[in-house]
Amino acid sequence: MSVEKTRTAVRWRPVRLLYLLTLFFMALTGFGQMPIYNRYYMSDIPGLGWLADFYVTRNIHYIGAVILLGLVFYAAFDFILSSRRQVKLSASAWVRAALLAAVIFSGALIVFKNFPYVHLSDGFIIALDLFHLAAAMAFLAVNCVCLIAKKKWAAAV
Amino acid sequence: MNSLISRRMFLKSGMAAVAGAAATAVPGTQALAANDDRGYLATLIDIRKCIGCEACVEACRETNAAKFPEPAKPFPKMYPSRVKVSDWSEKRDVNDRLTPYNWLFIQRAIVKVNGEDTEITLPRRCMHCVNPPCVKLCPWGSAMQLENGLSRIDPDICLGGSKCKNVCPWDIPQRQTGIGLYLKLLPSLAGNGVMYKCDRCYERIARGEQPACIDACPEDVQTIGPRQDIIARAHAIAKEIGGYVYGEIENGGTNTIYVSPVPFEDLNRAIAQDDGRPHLSPVQDAMADANNLAAAMVMAPVAGIAAATVRFLKARNKAEQHDGRRDG
């Protein structure tokens, strides 16, 4: 591995770690918006009682969204400004980026919906909730496939 | 032991205030046509006037009878076993608490008024929050808020997970097992029926009529109208009688405003509180934390872009310095 590539890998290591941690907690708390953790005893596991508190999981999900937005915009602009000429995105990266964008966009609409005096149509809210869940599950599934198949974001140039 | 003072004596002390309030009263259908700046309707419940006759309770049950659940039995076997069925279909007559068949009940409290033990009665039902957690946090969108600020649950979509009840500061919605969409999905593994609560007679309001409980009340305990007018009236009455207001700021504001001659903390201590019998405690805005965090969500992309730009400029300066040294 070249010195430049090693430097890049080292520089992105904490960002990657934070990204993975954020995704983990967002997925955990996102599924926690459905009443399943108490029903299926997961919140009975010592130390995981908070999973049954919808307000706690909602707040953690929101904090995760703040971190994720910061990371995504940092990575996107770093790519546009600095790495575009040196790094090419792989096909799986485009799929992941598109799914992540769908998750973020639908999540942003849900956050907007939760403000007082905001009225969206009933059908739209149902579609939005289902779309956010489906996009998040597809994003996680594609990431799992990429992990198993060792597909990276960057394609060989 | 102090004897209970009569309802008449209790009301007499507030007569002047009632007369004053009546002068500024907004008649029913006219009030429904009017809107405040947000278009939200609120109900004023003047506790002094309530005689506990339960005419409102009966009117609610009659008007909403067609919406009450008719569950299919036997209920599906639930997994895991901790998931309990909630069956009120054999106890439809219960009217001293909230149930899927009783969306409004009369809560009773014995408190001291002018040194005398006095029975206070007050209608209790969904508070219809301005920013209702039951609606905003429902994972399927089956709870909804109408343009006029009132909230309801769609029985055709609700899966009965009871999250709405968990996030409601007053635990208002009540579940009936054996009915609803979950029966067509995974009845043993997900969902558990349908949640029910006061929908403020939304069809009647849409027709320009008043909710049934208001129409039926012989004492005009409740008044519905634009929220800002209702709050102004509640404060006018409270000022006149040295009374107290509940519901204006609770959970960030509700569309049900109680006015009482007795502090609500006293009433709260005196009422029976358990499942289906909501409290009268102060309530913090349950949605406030998340909405404050949302402001940080707006700043996060800016911070990310700024960090990437700073790194880019630093790298470019370093490269230029490096090139300069090499050229020099």
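The paragraphs below set out a description of the structure included in this document.

Conventions we followed
Residues numbered from 1 in each chain as written. Chains lettered and ligands numbered in written order. Predicted model: local features only at pLDDT ≥ 70, side-chain atom pairs only at ≥ 80, totals over all residues. Heavy atoms only, no water. Salt bridge = Lys/Arg side-chain N within 4 Å of Asp/Glu carboxyl O. Helix = DSSP H or I, 4+ residues; strand = E, 2+ residues; numbered from the N terminus. Buried < 20%, exposed > 50% of the residue type's maximum accessible area, 1.4 Å probe, protein only. Contact = heavy atoms within 4.5 Å. Buried area = accessible area lost by both parts, 1.4 Å probe. Polar contact = N/O pair within 3.5 Å; in protein donor to acceptor, adjacent residues only side chain to side chain. Nonpolar A, V, L, I, M, F, W, Y, C, P; charged D, E, K, R; others polar. Core = buried A, V, L, I, M, F, W, Y, C linked by side-chain atoms within 4.5 Å.

A few points about the pattern of salt bridges
Residues and elements named next belong to chain B.
Consideration 1: According to the stated counting rule, one finds 19 salt bridges over all chains in the structure shown.
Consideration 2: Here Asp87 makes a salt bridge to Lys73, at a shortest N to O gap of 3.1 Å. Linking Asp87 in the loop between α4 (55-63) and β2 (105-113) with Lys73 in the loop between α4 and β2, this pair joins segments that are 14 residues apart in sequence.
Consideration 3: Across the pair Arg207 and Glu209 runs a salt bridge whose closest N-O atoms are separated by 3.0 Å.
Consideration 4: Note on Arg207: relative accessible area 55%, which makes it exposed.
Consideration 5: We classify Glu209 as partly exposed; its relative accessible area is 28%.

Section: α4(B)
Consideration 1: All buried positions along α4(B) are accounted for by B:Cys56, B:Val57, B:Ala59, B:Cys60 and B:Arg61.
Consideration 2: Looking at the packing, one finds that the buried side of α4(B) touches β2, β3 (116-124) and α8 (212-216) of chain B.

Quick word on the interface of chain A and chain B
Consideration 1: Listed as interface residues are 39 residues of chain A and, on the opposing side, 48 residues of chain B.
Consideration 2: Together, the buried faces of chain A and chain B total about 4,000 Å²; carbon and sulfur atoms form 63% of this surface.
Consideration 3: Of all residues in chain A, A:Arg39, A:Tyr117 and A:His119 bury the most surface against chain B, accounting for 19% of the area lost on that side.
Consideration 4: Taken together, chain A and chain B are joined by two salt bridges.
Consideration 5: With its nearest N and O atoms 2.7 Å apart, the salt bridge here joins A:Asp78 to B:Arg311.
Consideration 6: The tally of links from chain A across to chain B stands at 19 residue pairs in polar contact (both at pLDDT 80 or more).
Consideration 7: Looking at the side of chain A that touches chain B, the elements with two or more residues in it are α2 (54-83), α3 (91-113) and α4 (122-149) of chain A.
Consideration 8: Ranked by residue count, the leading element in the side of chain A that touches chain B is α2(A), at 16 residues.
Consideration 9: Among the residues forming the side of chain A that touches chain B, the class breakdown is 24 nonpolar, seven polar and eight charged.

Concerning the nonpolar core
Consideration 1: B:Trp170, B:Tyr246, B:Tyr258 and B:Leu267 are the most contacted members of the largest nonpolar core, which has 53 residues in total.
Consideration 2: Looking at this core, the elements with two or more residues in it are β1 (41-46), α4, β2, β3, α5 (133-136), β7 (194-196), α8 and α10 (264-270) of chain B.
Consideration 3: In terms of residue count, the dominant contributor to this core is β2(B) (five residues).
Consideration 4: Not counting chain neighbours up to four residues away, the residues in contact with B:Leu267 comprise B:Ile47, B:Ala109, B:Val111, B:Ile120, B:Ser260, B:Val262 and B:Leu280.
Consideration 5: Core analysis: the next-biggest nonpolar cluster, separate from the first, contains 22 residues, A:Tyr19, A:Leu69, A:Ala102 and A:Ala135 among them.

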